[in-house]
Amino acid sequence: MKLAQILVVGLIAVVSPLRAEVAHVAVAANVTDPAKEIAAAFKAKTGHEAVLSFGSSGQFYAQIKQSAPFDVFLSADAARPQALAEEGFAVPESRFAYAIGKLVLWSRTLDVSDGEAILRAQNFAKLAIANPAAAPYGAAALELLQALGLEQALRPKIVQGATIAQTFQFVNTDNAELGFVALSQLAGVAEGSRWLPPQRLYGEIRQDAVLLKVGASNAAARAFLDYLKGPEARRVLEKSGYVLP
Amino acid sequence: MSSLDGAGDDIGQAIRLTLALASLTTVILLLLGTPLAWWLSRSRRWWKEMIATALAMPLVLPPTVLGFYLLLALGPQGPGGALASLWGARTLAFSFPGLVIGSVLYSAPFVVQPIRNAFDAIGERPLEVAATLRASPWRAFWTVAAPLARAGFLTGAILGFAHTVGEFGVVLMIGGNIPGKTKVLSVAIFDYVETSQWGAAHLLAGGMVVFSFCVILATTLIEKRMGRA
């Protein structure tokens, strides 16, 4: 009996050099791929596990305000983490920008390398954007169309994805000929053509991460945010097409 | 962020669109579903239950399965794209006709099953009697079978309509959230919740609760009153 107990305790001590915990992370859909890569490297390095959920920033904002069990929030904007901090759902001093997102116009069938001309010609049936009310990349796309003075003209052609991931999939299945997605989503994609609109046409997509009140005492959550600030995570984000703050 | 300003038009549009979608779907399902239910009830072919099973599958399948296949089928590479090209469109996704196709498939079991059950319950006897009185099969159907199965038709119509109103996953996946075209009630509620417009969300969600209560109560009462006639 005694021996078995010693063995079990010894085994635990060997397997987990430090007490591994689990952090639940709400991840804006545009960060899906890099976040998976970062979480895997994070686990290998620290032993902590980051369990990722993907959705639109607006959806997570509404859920977190209803005490969703997330420890960390990687938003696609700065406004929602800030609002959560002001409303008492996040730890204010933990907020920092982890990436600056780039909008890209992408098509599998049309040559959109001169995107502005393509948009002005309006020679397409459906333009996919993310829901501007819930997804910052959707808001940025709408801003860009307004800057070009095309919002009214193109409105009947716009279809909205609930997240930037669904928007990508609308274009990927060719149901929409073209769409505004996040550059990070095209990191592993060679197909189709793309146009990187100049930054002056839309506001900077500053993406903030924040520690949520739920996770304030979770060691894994704090470790994940630290890891996100570190060189390994930054390399992954840069490789994915983000500009680093 | 929870005021109703500007949401009024949006809500009205979503309600009108939902009612149009549910009505059209119900009418189509009654037209297609009645001969199908009759055949399922009367046929002696061994494979008829295969058809019945295929038809009932939306009861079990997650809407995302239907949504996924529909997105491919309605798209430019699928039959939907070929159909859409007849009027110069590229895809049936993101369109009202696309939603109707999705809803017809998704709500079919709710219409066909009650009608088939009603036909089954009639049995052979009344139709044999009609035949000995020299009624043609066509006439026997309209004067004997259809009136006897009226509770089944009513239940099927109500459930088909209500289930289409309650549809969400399929529409979210193939709709594209276009106001006035594909932004139905359930999607509008999702949208309001996602964007923290809870006043509007409450209004629609509360309305749906009342609606569902009335629908289920109505079907129960109909089955009670007419089912035993």
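Model, not experiment: these values are computed from the prediction. Position labels on residues start from 1 in each chain and follow its written sequence. For naming, the first written chain is A and the first written ligand is 1, with later ones following in the order written. Whole-chain, interface and lining totals are the exception, using all residues; otherwise, since this is a predicted model, local features are given only for residues with pLDDT of at least 70 and side-chain atom pairs are given and counted only at 80 or more.

(A) Structural context of the overall build of chain B. Going along the chain from the N terminus, every DSSP run of H or I of four or more residues is numbered as a helix, and every run of E of two or more is numbered as a strand. What chain B contains, in helices and strands, is 11 helices and 0 strands. Counting helices and strands in the order they occur from the N terminus, chain B gives α-α-α-α-α-α-α-α-α-α-α. By principal-axis analysis of the C-alpha atoms, chain B measures approximately 70 × 45 × 30 Å. Once C-beta atoms are placed from the backbone, each residue is buried if 20 or more other C-beta atoms lie within 10 Å of its own, exposed if 12 or fewer, and partly exposed for counts between those two. A buried classification covers 39% of the 229 residues belonging to chain B.

(B) Seen up close, the overall build of chain A. A tally of helices and strands in chain A yields 10 helices and 10 strands. Seen through its C-alpha atoms, chain A measures out along the principal axes to roughly 80 × 40 × 30 Å. Among the 245 residues that make up chain A, the fraction classed as buried is 50%. A pair of residues counts as a contact when their C-beta atoms, built from backbone coordinates, are within 7 Å of each other. Long-range contacts, defined as pairs at least 24 residues apart, comprise 80% of the intrachain contacts of chain A with a sequence gap of at least 6.

(C) Just the interface of chain A and chain B, in detail. The partner chain B presents 19 residues to the 17 residues of chain A that form the contact. Of all elements in the fold, only helix H3 (57-65) and strand S7 (158-161) of chain A reach the threshold of two or more residues within the side of chain A that touches chain B.

(D) Main features of helix H2 (residues 32-46) of chain A. Residue and element names in this part refer to chain A. End to end, H2 covers 21 Å across 15 residues, agreeing with the expected 21 Å (1.5 Å per residue, within 8%). All buried positions along H2 are accounted for by Thr32, Pro34, Ala35, Ile38, Ala39 and Phe42. The buried residues of H2 occupy one face: seen down the axis, they fall within an arc of 150°. Of the exposed residues in H2, the ones pointing more than 90 degrees away from its buried face are Ala40 and Ala44. Elements that come into contact with the buried residues of H2 comprise strand S1 (22-28), strand S2 (49-55), strand S3 (72-74), helix H8 (164-172), helix H9 (219-229) and helix H10 (231-239). Following H2 by one or two positions, glycine 47 adopts a phi angle in the positive range, close to 85°. Helix span, expected: 1.5 Å multiplied by one less than the number of residues in the helix. Taken from the helix axis, the directions to the C-beta atoms give the arc we talk about.

(E) View of the environment of A:Arg222. Relative to the helices and strands, A:Arg222 resides in helix H9. Separated by 15 residues in sequence, A:Arg222 and A:Gln207 have C-alpha atoms that sit 18 Å apart.

(F) Structural context of the sheet that holds S3(A). Residues and elements named next belong to chain A. Paired strands, as defined in this entry, are two strands with at least two bridges between them according to DSSP. With respect to topology, 5 strands assemble into an open sheet ordered S2-S1-S3-S10-S4, the strand pairing being mixed. Only two strands of the sheet have a single neighbouring strand rather than two, namely S2 and strand S4 (96-101). Shown here is a sheet whose adjacent strand axes are inclined to one another by a mean of 20°, direction ignored. Here H2 sits on the sheet and contacts S1, S2 and S3; the angle it forms with S2, its principal contact strand, is near 170°. Here helix H4 (residues 79-86) sits on the sheet and contacts S3 and strand S10 (205-211); the angle it forms with S10, its principal contact strand, is near 35°. Here an angle of 0 to 180 degrees is reported between the N-to-C directions of two axes, which are lines fitted to C-alpha atoms, with helices fitted over the stretch in contact.

(G) Seen up close, the packing of H2(A) against H9(A). Residues and elements named next belong to chain A. Across the interface, H2 lies against H9 with an axial gap of 11 Å and an inter-helix angle of 115°. It follows that H2 is roughly perpendicular to H9 by the angle criterion. Where H2 crosses over H9, the two elements pack in a sense that is right-handed. Within the contact between the two elements, H2 uses Ile38, Phe42 and Thr46 and H9 uses Ala223, Phe224, Tyr227 and Leu228. Small angles under 35 degrees read as roughly parallel and large ones over 145 as roughly antiparallel, with 65 to 115 read as roughly perpendicular and the rest as oblique. Put simply, a crossing is left-handed when the front helix is turned counterclockwise from the back one by less than a right angle, and right-handed when it is turned clockwise.

(H) Quick peek at H3(A). Burial within H3(A) is extensive, with 7 of its 9 residues counted as buried. Every buried residue belonging to H3(A) is among A:Ser57, A:Gly58, A:Gln59, A:Phe60, A:Tyr61, A:Ala62 and A:Ile64, and all of these are buried. For H3(A), the elements touching its buried residues are S1, S2, S3, H4 and helix H6 (136-147) of chain A together with helix H10 (185-194) of chain B. Just downstream of H3(A), A:Ser67 is the residue with a positive phi angle, here 60°.

(I) Looking closely at unusual backbone geometry. Residues and elements named next belong to chain A. For serine 67, which is not glycine, the phi dihedral falls at a positive 60°. Residue placement: serine 67 occurs in the loop between H3 and S3. Taking the number of C-beta atoms within 10 Å as the measure of exposure, serine 67 has 11 and is therefore exposed. With a phi angle near 65°, aspartate 174 is a residue other than glycine that sits in the positive phi range. Here aspartate 174 lies in the loop between H8 and strand S8 (178-182).

(J) Layout of the pairing of strand S6 (residues 127-130) of chain A. Residues and elements named next belong to chain A. Of the two faces of S6, the one carrying Leu127 and Ile129 and the one carrying Ala128 and Ala130 are both buried. Pairing analysis gives 4 bridges linking S6 to S7, with the strands arranged parallel. Each bridged residue has a counterpart across the sheet, and for alanine 130 the counterpart in S7 is glycine 161.

(K) Geometry of the packing of H2(A) against H10(A). Residues and elements named next belong to chain A. One can describe the packing of H2 onto H10 by two numbers: an axis separation of 9 Å at closest approach and a directional angle of 155°. Classified by the angle between their axes, H2 and H10 sit roughly antiparallel to one another. Handedness of the crossing formed by H2 with H10: right-handed. Residues Pro34, Glu37, Ile38 and Ala41 of H2 form the contact with H10, whose own contacting residues are Glu232, Ala233, Val236 and Leu237. In terms of residue class, the contact of H2 with H10 is made up of 6 nonpolar, no polar and 2 charged. Side-chain classes follow a simple rule in which Ala, Val, Leu, Ile, Met, Phe, Trp, Tyr, Cys and Pro form the nonpolar group, Asp, Glu, Lys and Arg form the charged group, and the remainder, Gly included, forms the polar group.

(L) View of the sheet that holds S7(A). All names here are of chain A. The strand order across the open sheet built from 5 strands is S7-S6-S8-S5-S9, with neighbouring strands paired in mixed fashion. The open sheet has two edge strands with one neighbour each: S7 and strand S9 (193-195). For this sheet the average axis-to-axis angle between neighbouring strands, irrespective of direction, equals 30°. Here strand S5 (residues 103-107) pairs with S9 via 3 bridges, running antiparallel. Pairing of leucine 105 across the sheet is with tryptophan 195, part of S9.

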